[in-house]
Amino acid sequence: MALATGLYMTGSGVGLALGLAVSAAFETWQAAVLTVVWLVLARDRPKGFTIEGRQVIGVPIKEGLGRAFRSKNMYWLGFSYFLMMGVVMSYIGGLKLVLEKTMPGAFLRWPLPCSRPSR
């Protein structure tokens, strides 16, 4: 159950982040879907591929993703995202309310006395 919840929360976070990051690049949702389908079905360029007479040298998609997954920085990024989502889940799930009921007075009440508007 914990693994399923973790995958669900990770998927929702990644989906939202990708959607917000790339939504301005597409005029319609159909263009976005077509682009995703193309990316899934894309093949590597044939050898000797040229643009305007110049040979294009690139890195295959699988090799690039493999290098990204071997990077230590990707794991640090994933760990930091894990911690951030833990905070979000605990706040949304009402952890603060549960802790206030089990340990009354342990947390500051809102609004703080110093934040009241003057009359």
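See the structure shown above.
Heads up: these notes are all about the structure in this document.

What counts and how
Residues numbered from 1 in each chain as written. Predicted model: local features only at pLDDT ≥ 70, side-chain atom pairs only at ≥ 80, totals over all residues. Heavy atoms only, no water. Helix = DSSP H or I, 4+ residues; strand = E, 2+ residues; numbered from the N terminus. Buried < 20%, exposed > 50% of the residue type's maximum accessible area, 1.4 Å probe, protein only. Axes fitted to C-alpha atoms, helices over the stretch in contact; angles between N-to-C directions. Parallel < 35°, antiparallel > 145°, perpendicular 65-115°, else oblique. Contact = heavy atoms within 4.5 Å. Nonpolar A, V, L, I, M, F, W, Y, C, P; charged D, E, K, R; others polar. Phe/Tyr/Trp six-rings, centres within 6.5 Å; stacked < 30°, edge-to-face > 60°. Expected span 1.5 Å × (residues − 1). Polar contact = N/O pair within 3.5 Å; in protein donor to acceptor, adjacent residues only side chain to side chain. Patch = residues over 30% accessible without salt bridge, like charges linked within 9 Å, V, L, I, M, F, W, Y side chains within 5 Å. Areas by Shrake-Rupley, 256 points an atom, 1.4 Å probe, with all protein chains shown as cover. Salt bridge = Lys/Arg side-chain N within 4 Å of Asp/Glu carboxyl O.

### Concerning the overall build of the protein chain
Then, in step 1: Secondary structure summary: the protein chain contains 5 helices and 2 strands in total.
Then, in step 2: Walking the protein chain from its N terminus toward its C terminus, one meets helices and strands in the order α-α-β-β-α-α-α.
Then, in step 3: Per-residue burial for the protein chain yields a buried fraction of 4% across its 119 residues.

### Section: the packing of helix H1 (residues 2–22) against helix H4 (residues 72–92)
Then, in step 1: At a minimum axis separation of 11 Å, H1 and H4 run at an interaxial angle of 100°. Here H1 is positioned roughly perpendicular relative to H4, judged by the angle of their axes. Facing Thr-5, Met-9, Thr-10, Gly-13 and Val-14 of H1, the residues of H4 in contact are Tyr-81, Met-85 and Met-89.
Then, in step 2: Grouping the amino acids of the contact of H1 with H4 by side-chain chemistry returns 5 nonpolar, 3 polar and no charged.

### Things to note about the packing of aromatic side chains
Then, in step 1: If you walk through the whole model with that rule in mind, you get 2 aromatic pairs.
Then, in step 2: Note on Trp-76 and Phe-79: the rings are 6.4 Å apart at their centroids and 80° apart in plane angle, and the pair reads as edge-to-face. Of this pair, Trp-76 and Phe-79 both sit in helix H4, separated by 3 residues, roughly a single helical turn.
Then, in step 3: Classification of Trp-76 by relative accessible area gives exposed; the value is 54%.
Then, in step 4: By way of ring pairs, the aromatic residues Trp-76, Phe-79 and Phe-82 are connected into one cluster.

### A closer look at H4
Then, in step 1: Given a rise of 1.5 Å per residue, 21 residues ought to cover 30 Å, and the 30 Å separating the end C-alpha atoms of H4 matches this to within 8%.
Then, in step 2: With a side-chain oxygen lying 3.2 Å from the backbone nitrogen of Asn-73, the N-terminal cap of H4 falls on Ser-71.
Then, in step 3: Just past H4, the residue Gly-94 takes up positive phi, approximately 85°.

### Structural notes on a nonpolar patch on the surface
Then, in step 1: Together, Trp-29, Val-33, Val-36, Val-37, Val-40 and Leu-41 make up an exposed nonpolar region whose accessible area comes to about 630 Å².
Then, in step 2: Its location among the elements puts Val-37 in helix H2 (residues 29–41).
Then, in step 3: Classification of Val-37 by relative accessible area gives partly exposed; the value is 41%.

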